[in-house]
Amino acid sequence: MAELRTAHTADLDIATRKAARALLDNVFDDMTDDDWEHALGGVHALVWDGAELIGHASVIQRRLLNGGRALRTGYVEAVGVRADRRGRGHGAAMMDALERVVRGAYELGALGASDAGAAFYVARGWQLWQGPSSALTPAGIRRTEEEDGCIYVLPMEVSLDLSSELTCDWRDGDPW
Ligand SMILES: CC(C)(COP(=O)(O)OP(=O)(O)OC[C@H]1O[C@@H](n2cnc3c(N)ncnc32)[C@H](O)[C@@H]1OP(=O)(O)O)[C@@H](O)C(=O)NCCC(=O)NCCS
């Protein structure tokens, strides 16, 4: 019987961190150290089957700039369910838990979806950002054309023009 638990990064012991990284390495063939680092510093949703970790997702805080505002954003990262356990509701259960965090703590939810994952989020009400994307780099705002069409947001009370420019804060590795 699988069990969903949520925990802040601060409360993950070393064995759990190692299990999460190993699971994500298994789910994504291009997982990098930066990708893993991007998943830290917020709330993790973990699905355990006994001592085996079979699902991971997390939400961390970022600032997304839009229309002159720096929106406090819950950014969803590292969503993966072990291949042999998919299609049993674990991904939805993790997203339920993280969307609750997003709705309770942030002005906006956002994520960068893979082609394979996009429909999963759309079915949950996430909306494609249609405008240009960019990043606030140390050298100023720079376009991130390669990310256009991959960014999804979970709008809440803040009014948004989905066709306007959306700029993310800076980090090593993939900006989105
Ligand atoms: C995407 C993923 C996390 C979904 O996990 P899961 O446990 O299989 O999902 P669930 O069983 O909770 O499915 C919930 C619903 O989403 C649908 N769904 C699942 N994966 C989907 C996908 N890739 N595209 C479209 N719909 C999807 C299911 O059919 C189900 O629909 P229903 O409620 O109408 O029955 C999982 O397939 C995965 O790890 N994929 C590889 C990694 C990945 O792509 N992660 C996302 C990166 S952005």
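Residues numbered from 1 in each chain as written. Predicted model: local features only at pLDDT ≥ 70, side-chain atom pairs only at ≥ 80, totals over all residues. Heavy atoms only, no water.

Chemist: Before we go on, may I ask you to explain the site of the ligand in this structure?
Modeler: Lining the immediate surroundings of the ligand are 18 residues, of which Val81, Gly87, Gly89, Gly91 and Ala92 lie closest. One nitrogen or oxygen atom from the main chain of Val79 is found 2.9 Å from a nitrogen atom belonging to the ligand. At a separation of 2.8 Å, an oxygen atom of the ligand approaches a polar backbone atom of Gly91. When the free accessible area of the ligand is taken as 890 Å², the share hidden by the protein chains comes to 63%. At a threshold of 2 Å from the grid points, most atoms of the ligand map onto the largest pocket. Elements supplying a minimum of two residues to the shell around the ligand: β4 (69–81), α3 (90–105) and α4 (118–122). When its residues are assigned to classes, the shell around the ligand shows ten nonpolar, six polar and two charged. (Near = heavy atom within 4 Å. Polar contact = N/O pair within 3.5 Å; in protein donor to acceptor, adjacent residues only side chain to side chain. Areas by Shrake-Rupley, 256 points an atom, 1.4 Å probe, with all protein chains shown as cover. 1 Å grid on protein atoms, 1.4 Å probe; cavity = no way out; pocket = protein on both sides within 12 Å on 5 of 7 lines; lining within 4 Å. Sits in = over half its atoms within 2 Å of the grid points. Helix = DSSP H or I, 4+ residues; strand = E, 2+ residues; numbered from the N terminus. Nonpolar A, V, L, I, M, F, W, Y, C, P; charged D, E, K, R; others polar.)

Chemist: Can you walk me through the layout of surface pockets in this structure?
Modeler: A water-sized probe rolled over the atoms picks out the places where empty space is left. There is about 1,000 Å³ of room inside the largest pocket. Taken together, 37 residues make up the lining of the largest pocket; nearest its centre are Phe28, Val79, Gly112, Ser114 and Tyr121. Every element with two or more residues in the lining of the largest pocket is listed here: α2 (33–38), β4, α3, β5 (108–112) and α4. Of the residues forming the lining of the largest pocket, the biggest block, seven residues, is contributed by β4. (Points joined across faces, edges and corners; volume = space filled by probe spheres on them.)

Chemist: How should helix α1 (residues 14–27) be read in this particular structure?
Modeler: Given 3.6 residues to a turn, an α-helix orients residues that are three or four positions apart in the same direction. Under the 1.5 Å per step criterion, the end-to-end length of α1 is 20 Å for 14 residues, consistent within 8% with the ideal 20 Å. Buried residues of α1: Thr16, Ala20, Arg21, Leu23 and Leu24, and no others. Viewed end-on, α1 has its buried residues packed into an arc of 160°, placing them on one side of the element. For α1, exposure combined with an orientation more than 90 degrees from the buried face picks out Ile14, Ala15, Lys18 and Asn26. If you follow the buried residues of α1, they end up packed against α2, β2 (43–49), β3 (52–66) and β4. (Expected span 1.5 Å × (residues − 1). Buried < 20%, exposed > 50% of the residue type's maximum accessible area, 1.4 Å probe, protein only. Arc of directions from axis to C-beta. Contact = heavy atoms within 4.5 Å.)

Chemist: Looking at this structure, how should I read the pattern of salt bridges?
Modeler: As a working rule, side chains carrying opposite charge can pair if their charged atoms are close by. Inspection of the entire model under this criterion finds twelve salt bridges. A salt bridge links Arg5 to Glu3; the nearest nitrogen and oxygen atoms lie 3.2 Å apart. A salt bridge links Arg82 to Asp84, with the shortest nitrogen-to-oxygen separation between them at 2.9 Å. Judged by its relative accessible area of 43%, Asp84 is partly exposed. Through salt bridges with shared partners, one network takes in Asp49, Glu52, Arg82, Asp84 and Arg85. (Salt bridge = Lys/Arg side-chain N within 4 Å of Asp/Glu carboxyl O.)

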